[in-house]
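Chain residues, written in single-letter form:
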Amino acid sequence: MAIEDDVLVIGGGLAGATAALAAAEEGAQVRLVSYKQSTLRHASGLIDVLGYTPAGEGPLVDPFDALEGLPDGHPYERVGSEAVREALEFFDDIAGDAYDGAHTDANALVPTHGGTVKPTARYPASTAEGLASDDRDTLLVGFETLPDFEAPLAAAHLEAAGAPFAARGVTVRFPGLVRDDAKVTRYAHLLDHDEAVTTAAGETTARDALAETVRGHLEDETRVGFPAILGDDHAAEVRADLGDRLGVDVFEVPMGPPSLPGMRLEDLLYDALQEAGVRVTTGVPVVDYETDGDATRIDRVVVDRHGAEVPHRADQYVLATGGLVGKGVESERERVFEPIFDCHVPHASDRYEWFVDDVFGDQPYARFGLPVDRELRPLDAGDEPEFSNLRAAGAVLGGYDFAAEKSGSGVSLATGYVAGRRAGAEGGE
Amino acid sequence: MSDAEQPTDDGVPGDDEFEPIQVFPEAEDMDLRPGADDCYKCSTCDTNCPVAEVDDEFPGPKFQGPEQWRLKRQDDQDIDDSVMKCSNCMRCDSACPSDVPLSQMHNTARGEYVEEQMDKFSREYVRNRILANYRRLAPLGSMFPRTTNFVMGLSATQWLGEKVLGITGEREFPEFATETFREWWTKRGGAQVQNEDKRIAYFHGCYSNYNTPEVGKALVRVYEELGYEIMVPDQHCSGTPMFANGMLEDARRSAETNVRELGAAIEDGADIVASCSSCSMSLRQEYPELFDFEGTEAVAANTWDAVEYLRVHEDLEGELEGTSVGDEFENFAYHAPCHARNQGLDGQTMEVLAPIDGVEARDVGDSCSGISGTYGWKAENYETSMKIGDEMFDHMEEADAETGLTECPTCSMQMEHGTGYEITHTLEVLEAALVGSTEADSQ
Ligand SMILES: Cc1cc2nc3c(=O)[nH]c(=O)nc-3n(C[C@H](O)[C@H](O)[C@H](O)COP(=O)(O)OP(=O)(O)OC[C@H]3O[C@@H](n4cnc5c(N)ncnc54)[C@H](O)[C@@H]3O)c2cc1C
Ligand code: SF4
Ligand code: SF4
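Please read all numbers here as calculations on a predicted model, not as lab measurements.

A. Representation of the overall build of chain A. Looking only at helices and strands, chain A features eleven helices and 19 strands. The C-alpha atoms of chain A give a radius of gyration of 23 Å, which matches the 22 Å a tight globule of 429 residues would have. Each principal axis of the C-alpha distribution contributes one length, and for chain A these read about 75 × 45 × 40 Å. Per-residue burial for chain A yields a buried fraction of 59% across its 429 residues. The contacts in chain A between residues at least 6 apart in sequence include a share of 65% that link residues at least 24 apart. Of the side chains in chain A, 35 bear a positive and 78 a negative charge, and the two mean positions are spaced by 4 Å.

B. Inspection of a negative patch on the surface at higher detail. All names here are of chain B. On the surface, Glu-225, Asp-315, Glu-317, Glu-319, Glu-321 and Asp-357 cluster together into a patch of negative charge. Following the sequence through the fold, Glu-225 ends up in helix α12 (residues 213-225). Taking relative accessible area as the criterion, Glu-225 reaches 42% and is therefore assigned partly exposed.

C. Representation of the sheet that holds strand β7 (residues 138-143) of chain A within the structure. All names here are of chain A. Taken in spatial order, the four strands line up as β8-β7-β11-β12 in an open sheet, and their pairing is parallel. Only two strands of the sheet have a single partner each, and these edge strands are β8 (167-172) and β12 (249-253). In this sheet, adjacent strand axes meet at a mean angle of 25° when their direction is disregarded. Where β7 meets strand β11 (residues 223-227), three bridges bridge the pair, whose relative direction is parallel. Each residue of the ladder has a partner; that of Leu-140, found in β11, is Gly-225.

D. Geometry of the nonpolar core. All names here are of chain A. Counting residues in each nonpolar core, the largest one holds 77 residues, and the members touching the most others are Val-30, Tyr-76, Leu-319 and Phe-341. With nine residues, helix α1 (residues 14-25) is the single largest residue contributor to this core. When near neighbours in sequence (up to four residues on either side) are disregarded, Tyr-76 contacts Asp-48, Val-49, Leu-50, Leu-67, Leu-70, Val-84, Ser-407, Gly-410, Val-411 and Ala-414.

E. Structural context of empty space enclosed by the protein. Residue and element names in this part refer to chain B. If you walk through the whole model with that rule in mind, you get five cavities of 30 Å³ or more. Space inside the largest cavity adds up to approximately 120 Å³. In terms of lining residues, the largest cavity is bounded by 15 residues, among which Cys-49, Cys-86, Cys-89, Cys-92 and His-106 are the most central. Residue composition of the lining of the largest cavity, by class: nine nonpolar, five polar and one charged. Counted as a void, the second largest cavity has a volume near 90 Å³. Cys-39, Cys-42, Cys-45, Cys-96 and Val-100 are, among the 14 residues lining the second largest cavity, the residues nearest its centre. Listing elements by their share of the lining of the second largest cavity, those giving two or more residues are α1 (44-48) and α3 (61-74). When the residues that make up the lining of the second largest cavity are grouped by side-chain class, the tally is nine nonpolar, three polar and two charged.

F. The arrangement of the site of ligand 2 in detail. Of all residues adjacent to ligand 2, which total 14 residues, the nearest are Cys39(B), Cys42(B), Ser43(B), Cys45(B) and Cys96(B). The cavity where ligand 2 resides is the second largest cavity.

G. Up close: unusual backbone geometry. For the bond from Gly58(A) to Pro59(A), the omega torsion is 0°, close enough to zero to count as cis. Checked against the element boundaries, Pro59(A) lands in the loop between β2 (30-34) and α2 (63-67). With an omega of -5°, the peptide bond between Pro257(A) and Pro258(A) qualifies as cis. With respect to the helices and strands, the residue Pro258(A) is situated in the loop between β12 and α9 (260-275). Phi at Asp383(A) is positive, roughly 65°, even though this residue is not glycine. Within the secondary structure, Asp383(A) sits in the loop between β18 (336-337) and β19 (390-392). Accessibility expressed as a relative area gives 57% for Asp383(A), which makes it exposed. The phi dihedral of Ser43(B) falls on the positive side, at around 70°, and the residue is not glycine. Relative to the assigned elements, Ser43(B) resides in the segment before α1.

H. Quick peek at the packing of aromatic side chains. A full pass over the atoms with the stated rule returns 20 aromatic pairs over all chains. Seen in terms of ring centroids, Phe143(A) and Phe174(A) are 5.0 Å apart; in terms of plane orientation they differ by 85°. Their pairing is edge-to-face. Of the two residues, Phe143(A) sits in strand β7 while Phe174(A) sits in the loop between β8 and α6 (184-192), which places them 31 residues apart along the sequence. Across the pair, Phe174(A) and Phe143(A) agree in class, each one buried. Relative to Phe293(B), the ring of Phe291(B) lies with its centre 5.4 Å away and its plane at 20°, an arrangement referred to as stacked. Given the relative accessible area of 5%, Phe291(B) is considered buried. Taken together, the ring pairs connect Phe143(A), Phe174(A), Tyr187(A) and Phe226(A) into an aromatic cluster. For the cation-ring pair, Lys198(B) lies above Tyr228(B), with the distance from its terminal atom to the ring centre recorded as 4.7 Å.

Cut-off values and rules
- Residues numbered from 1 in each chain as written.
- Chains lettered and ligands numbered in written order.
- Predicted model: local features only at pLDDT ≥ 70, side-chain atom pairs only at ≥ 80, totals over all residues.
- Heavy atoms only, no water.
- Helix = DSSP H or I, 4+ residues; strand = E, 2+ residues; numbered from the N terminus.
- Rg over C-alpha atoms; globule rule 2.2 N^0.38 Å.
- Buried < 20%, exposed > 50% of the residue type's maximum accessible area, 1.4 Å probe, protein only.
- Contact = heavy atoms within 4.5 Å.
- Lys, Arg positive; Asp, Glu negative; His and termini not counted.
- Charge placed at Lys NZ, Arg CZ, Asp CG, Glu CD.
- Patch = residues over 30% accessible without salt bridge, like charges linked within 9 Å, V, L, I, M, F, W, Y side chains within 5 Å.
- Areas by Shrake-Rupley, 256 points an atom, 1.4 Å probe, with all protein chains shown as cover.
- Salt bridge = Lys/Arg side-chain N within 4 Å of Asp/Glu carboxyl O.
- Pairing = 2+ DSSP bridges.
- Axes fitted to C-alpha atoms, helices over the stretch in contact; angles between N-to-C directions.
- Core = buried A, V, L, I, M, F, W, Y, C linked by side-chain atoms within 4.5 Å.
- 1 Å grid on protein atoms, 1.4 Å probe; cavity = no way out; pocket = protein on both sides within 12 Å on 5 of 7 lines; lining within 4 Å.
- Points joined across faces, edges and corners; volume = space filled by probe spheres on them.
- Nonpolar A, V, L, I, M, F, W, Y, C, P; charged D, E, K, R; others polar.
- Near = heavy atom within 4 Å.
- Sits in = over half its atoms within 2 Å of the grid points.
- Phe/Tyr/Trp six-rings, centres within 6.5 Å; stacked < 30°, edge-to-face > 60°.
- Lys NZ or Arg CZ within 6 Å of the ring centre and 35° of its normal.

Okay, here's the thing in structure tokens:
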């Protein structure tokens with residue numbers, strides 16, 4: 001016996017979760033198998049569609065304008081711009097109040113922890129009051145124990161970058177924390193549970209103490225930005241509470257990894273998966289596959305559960321195992337390859353052609369990944385589908401450079417959505 | 001490397017002086033702790049650590065693992081004593097995108113710490129040794145179960161435990177059953193089904209032997225109902241509490257017995273099944289990571305979770321279709337133990353129970369119960385343990401159910417302790433559905 005479903009999604013990142021949700025919406029019985037946690041925990045939680053063109057033009061005001069001009073083989077070109085819109089709507093439904101930005105096609109400009117602004121299509125509600133297009137004066141608050149966010153420097157950068165408001169930054173001590181290297185989850189937990197903390201003024205609660213610490217620094221500003229550590233499970237409440245106490249709007253500045261907004265997005269997606277009846281298996285990898293007579297059709301895949309090999313069978317499969325970081329694409333000295341199905345990954349045979357010396361240059365390895373047809377089926381060296389019932393989505397795809405284009409989440413969403421929809425429609429038959 | 005930033009060098013792990021060729025790992029493995037070099041400091045592990053989330057003094061898995069090993073390699077550094085604050089929940093293991101073997105590093109570091117730095121006459125050492133070697137004391141307790149339960153329940157005993165040994169007085173000691181699983185098994189005359197083709201060896205572990213034999217009995221009835229011949233080989237503690245307390249030598253002795261006995265059962269054509277998720281975790285992952293007796297790999301590869309085994313080898317869904325259970329199993333708040341998550345068993349119980357009529361199970365989410373075996377029994381950890389458990393207690397109370405469900409004996413203690421609910425094991429629900437409770441009662 002194998003464990004059986006209509007659709008099996010391999011990989012639990014943004015692409016995999018979206019694919020599973022889209023397939024479930026088609027009425028299919030879906031299972032998602034994911035080995036490790038996804039890159040969402042590193043990402044800012046912003047949903048970038050396209051910030052820069054592959055040629056480096058930007059920041060783009062309207063990403064949809066630029067979608068039409070993308071080169072052949074780019075994941076957006078494969079699915080078409082209508083699918084990108086549908087995928088964003090699909091996301092908006094899932095995210096509900098937790099995300100903003102759906103009211104316009106234009107990119108929003110979100111200040112980041114370095115004081116730059118980032119063009120993005122959807123942003124967590126926690127960042128909404130901080131948008132750079134809003135001209136209210138801003139106080140940024142950093143913490144001594146969080147060196148990744150230097151508020152005064154970030155404020156200076158924002159002003160130098162021509163932000164239409166005055167920005168000021170202060171650095172304070174986070175009340176109640178003694179560790180210099182406390183985890184971001186520790187800050188969030190203190191605020192979520194409004195735990196008791198001891199300050200110079202005596203025993204109080206974390207939110208109270210934080211508001212008290214910041215109050216003295218506030219001048220005429222009507223909004224205050226904190227690094228993105230304001231709660232995890234109760235983030236909206238923490239933000240509102242701090243805002244009430246300070247009498248201003250409070251927002252979060254997205255941070256580098258590990259990122260709470262990324263974790264909150266992960267939670268949101270996994271709650272939605274549970275809601276949709278998707279069966280989720282985590283902590284174990286898919287390691288192999290088997291065909292059954294017909295070599296162009298995957299019959300089952302093998303999940304390695306600490307040595308025991310458990311077969312999982314489905315009618316349709318979606319491969320969403322990520323890129324070089326997610327381990328969906330691997331490399332050795334001699335070759336670059338996709339480890340589960342050994343799908344074709346085009347790359348120069350000489351490894352010294354995989355990168356260029358200029359670190360900021362146009363890196364070929366950044367585009368490594370699977371070429372696919374318009375159905376998102378991986379193609380072999382002869383441009384034929386590798387398997388009739390396998391689709392691929394997200395960072396495992398080739399032909400784009402998410403870091404340079406600022407397109408990571410958008411591509412994962414759009415391709416996950418399309419792959420999931422198609423797999424669900426076929427698998428649920 | 002953050003996508004919150006503008007420069008286009010992000011998206012790639014590594015140092016600031018990023019060198020593209022670093023993205024491509026070399027094939028050769030490093031020495032004892034290969035993983036230290038694989039860590040690219042992304043801190044994903046830290047964000048998963050339930051202890052670091054509530055305890056300001058714990059530096060987190062990244063420090064306990066790769067950073068500590070790096071330091072040790074460079075100078076003659078001692079193991080940091082904070083390693084004893086790690087609960088061995090192994091959540092960090094399944095977090096790391098770079099396959100750093102965090103729990104293996106922690107287990108080894110704890111072993112070294114206890115071996116070389118801990119005073120063998122200290123109260124802490126003695127207490128830990130007692131807690132880790134529960135199995136050695138349990139036979140005594142179960143010889144006179146009623147007396148033991150009575151004495152253990154006395155507040156004076158609890159007070160003494162706390163003052164003398166540092167075992168928290170807040171918890172109720174688990175009760176000893178009046179008849180152990182093995183006594184029951186012998187009394188009924190061992191296996192009642194013979195079958196050369198379908199044979200399993202049951203690793204019952206300490207808890208279902210001494211404290212909850214009903215779980216072991218449920219397993220026997222379910223498996224026999226489906227035509228399996230059951231073996232119950234001699235066995236020792238799986239070692240989980242010993243790893244967690246750095247008693248690697250004790251663990252090694254137990255593991256040696258287990259590997260020998262279970263290996264022999266495999267030779268006899270049996271697969272190994274366990275009803276406790278920490279036991280199966282230990283046999284499957286920790287043994288091969290820490291020991292290399294002959295047969296360790298074979299035992300790991302042939303060990304299964306009891307329900308998982310049936311799903312793969314039987315049409316369990318088909319068997320359960322249309323079955324029903326009584327009112328006592330109506331509504332469950334289900335908690336997936338950390339050690340079940342790590343084995344990819346997180347969604348299993350919900351799936352398996354779905355076809356049974358009258359069972360409504362609600363998953364209470366992915367928080368850690370916080371007790372982690374012996375961890376939450378130590379007076380100095382009690383508060384941390386309950387703080388971690390808070391989220392689970394809240395979710396259990398929010399769920400529309402008054403009975404808890406889980407596969408880990410210590411999680412079940414914590415669930416009961418935090419909510420006052422009765423806690424059941426999945427195998428007991430399967431027994432009710434497949435065998436029926438009347439039949440089970442009469443056996
Ligand atoms: C350091 C860093 C910086 C980033 N910067 C940006 C940025 O600037 N902008 C942006 O938009 N995005 C950024 N991202 C990531 C962005 O989140 C990704 O582009 C996108 O979300 C990829 O999603 P995915 O679902 O395709 O893959 P991933 O999130 O990588 O998920 C892949 C999943 O597949 C699982 N998996 C792999 N192999 C197996 C297997 N054999 N069996 C089962 N499961 C398997 C993995 O464990 C993982 O959970 C960054 C990511 C990293 C790591
Ligand atoms: S998750 Fe892995 S790579 Fe990241 S910091 Fe932890 S050990 Fe290092
Ligand atoms: S095993 Fe658990 S407690 Fe220990 S470091 Fe890892 S996540 Fe933290």
